[in-house]
Amino acid sequence: MADCIFCMIANHEIPSNVAYEDDQIIAFHDLDPQAPVHVLVIPKKHIASLDDVKEEDRELMGHIMFKIHEIATDLELENGYRVVSNNGEDAFQTVKHLHFHILGKRKLTWPPG
Ligand code: AMP
Ligand code: ZN
């Protein structure tokens with residue numbers, strides 16, 4: 001999708017620090033990390049948020065969830081990590097392309113802010 005920064009990252013039109021990539025998804029390090037490890041996992045297909053996931057995206061969504069564990073293992077997050085997807089205004093979703101934050105390598109507080 002034009003003007004979507006994460007589509008541009010998925011298409012390698014702008015640089016990112018890639019942690020994992022295949023034909024369906026890309027994971028890259030967040031520019032403004034909120035933990036020692038902070039990686040974003042996104043589908044290459046433009047989906048604005050979880051609210052925009054369609055029936056046809058079932059397999060892709062399963063693939064993302066399946067790969068998160070593998071990516072976390074590669075990032076050596078054996079002590080634990082958090083997966084977050086901010087959706088919509090109340091959650092302060094700033095980039096309107098579905099993404100899952102993987103945060104780790106520090107004790108994470110709960111509840112989140
Ligand atoms: P959210 O607030 O959940 O929409 O998260 C968007 C995240 O994308 C924020 O943590 C930003 O720091 C991150 N971000 C925005 N632009 C880039 C970029 N070009 N490369 C890496 N991370 C980015
Ligand atoms: Zn996009």
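Residues numbered from 1 in each chain as written. Chains lettered and ligands numbered in written order. Predicted model: local features only at pLDDT ≥ 70, side-chain atom pairs only at ≥ 80, totals over all residues. Heavy atoms only, no water.

Participant: What is the right way to look at the side chain of His-101 in this model?
Facilitator: Within the secondary structure, His-101 is located in strand β5 (residues 100–104). The exposure class assigned to His-101 is buried, which follows from its relative accessible area of 11%. Looking at His-101, its side chain comes within polar contact range of the side chain of His-38, at 2.8 Å. When neighbours within four sequence positions are excluded, His-101 is seen to be in contact with Asp-30, His-38, Val-39, Leu-40, Arg-82, Val-83, Val-84 and Asn-86. (Helix = DSSP H or I, 4+ residues; strand = E, 2+ residues; numbered from the N terminus. Buried < 20%, exposed > 50% of the residue type's maximum accessible area, 1.4 Å probe, protein only. Polar contact = N/O pair within 3.5 Å; in protein donor to acceptor, adjacent residues only side chain to side chain. Contact = heavy atoms within 4.5 Å.)

Participant: I tried to follow the coordination of the zinc ion (ligand 2) on my own but got confused; where do I start?
Facilitator: Ideal coordination angles are 109.5 degrees for a metal with four donors arranged tetrahedrally and 90 or 180 degrees for a metal with six donors arranged octahedrally. Taken together, Cys-4 (SG), Cys-7 (SG), His-46 (ND1) and His-97 (ND1) make up the protein donors of the zinc ion (ligand 2), found 2.0 to 2.3 Å from the metal. Around the zinc ion (ligand 2) sit four donor atoms; with metal-centred angles ranging over 106 to 116°, the donor geometry is tetrahedral. One chain supplies every donor to the zinc ion (ligand 2), and in sequence these donors are spaced C-x2-C-x38-H-x50-H. Remark: His-97 occurs in the loop between β4 (81–84) and β5 and His-46 occurs in the loop between β3 (37–43) and α2 (58–74); sequence separation between them is 51 residues. A relative accessible area of 24% places His-46 in the partly exposed class. (Donors = N, O, S within 2.8 Å, 3.2 Å for Na, K, Ca; no water. Tetrahedral: all angles 85-135°; square planar, octahedral: opposite > 155°, others 65-115°.)

Participant: What is the right way to read the environment of Ile-64 from this model?
Facilitator: Of note, Ile-64 is situated in helix α2. Assessed through its relative accessible area of 0%, Ile-64 is described here as buried. Considering only alpha carbons, one finds Ile-64 and Phe-6, 58 residues apart in sequence, at a separation of 16 Å.

Participant: Would you take a moment to explain the pattern of salt bridges for this structure?
Facilitator: Side chains that differ in charge, positive against negative, can pair when their charged atoms come close. A full pass over the atoms with the stated rule returns six salt bridges. A salt bridge links Lys-45 to Glu-56; its shortest N-O distance comes to 3.3 Å. In this pair, Lys-45 sits in the loop between β3 and α2 while Glu-56 sits in the loop between β3 and α2, placing the two residues 11 residues apart along the sequence. Residue Arg-58 is joined to Glu-55 by a salt bridge in which the shortest nitrogen-to-oxygen separation is 2.7 Å. Neither Arg-58 nor Glu-55 differs from the other in exposure class; each is exposed. By sharing partners, the salt bridges in this structure join Lys-45, Glu-56 and Asp-57 into a single network. (Salt bridge = Lys/Arg side-chain N within 4 Å of Asp/Glu carboxyl O.)

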